Amino acid sequence: PVCVPPPPPPPPEKQPTPADGGYVDLETLKSSPPDYVDPSRKEDYLSDADFEAAFKCSRADFKVLKGWKQQNLKKACGLF
């Protein structure tokens, strides 16, 4: 009989990120965000539609704002 090595273990389950569509809704981010969410960048985990509804501007417009203006908007949305 031929010895066949066992199959490799399955890869660990990857946590979703905004880059691969792992979006989280606004209410979840405000109350109890998942462990993989960076607390200093909660806005990055919103879908584009949720982002625009919450911040009343596009991501591109938000990114060019001064830091203090971004912080004020995050506070107003409950993400700070």
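Right above here is the structure, for reference.
What comes next concerns the included structure.

Conventions adopted
Residues numbered from 1 in each chain as written. Predicted model: local features only at pLDDT ≥ 70, side-chain atom pairs only at ≥ 80, totals over all residues. Heavy atoms only, no water. Helix = DSSP H or I, 4+ residues; strand = E, 2+ residues; numbered from the N terminus. Buried < 20%, exposed > 50% of the residue type's maximum accessible area, 1.4 Å probe, protein only. Contact = heavy atoms within 4.5 Å. Core = buried A, V, L, I, M, F, W, Y, C linked by side-chain atoms within 4.5 Å. Polar contact = N/O pair within 3.5 Å; in protein donor to acceptor, adjacent residues only side chain to side chain.

1. Quick notes on the overall build of the chain
Item 1. Helix and strand content of the chain: four helices and zero strands.
Item 2. Reading the helices (α) and strands (β) of the chain from amino to carboxyl end gives α-α-α-α.
Item 3. For the chain, the residues scored as buried account for 25% of the 80 residues in total.
Item 4. Excluding contacts between residues fewer than 6 apart, the proportion of contacts in the chain whose partners are at least 24 apart in sequence is 25%.

2. Concerning the side chain of Glu43
Item 1. Within the secondary structure layout, Glu43 lies in the loop between α1 (26-31) and α2 (48-55).
Item 2. Judged by relative accessible area, which is 4%, Glu43 ranks as buried.
Item 3. Glu43 has contacts with Phe51, Phe55, Arg59, Phe62, Lys74 and Leu79, leaving out every residue within four places of it along the chain.

3. With respect to the nonpolar core
Item 1. Leu29, Leu46, Phe55 and Leu79 are the most contacted members of the largest nonpolar core, which totals 13 residues.
Item 2. Going through the elements one at a time, α1 and α2 are the ones with two or more residues in this core.
Item 3. Leu29 has contacts with Val24, Val37, Lys42, Tyr45, Leu46 and Leu79, leaving out every residue within four places of it along the chain.

4. As for the side chain of Ser47
Item 1. Assignment of secondary structure puts Ser47 in the loop between α1 and α2.
Item 2. A distance of 3.2 Å separates a polar atom in the side chain of Ser47 from the backbone nitrogen of Asp50.

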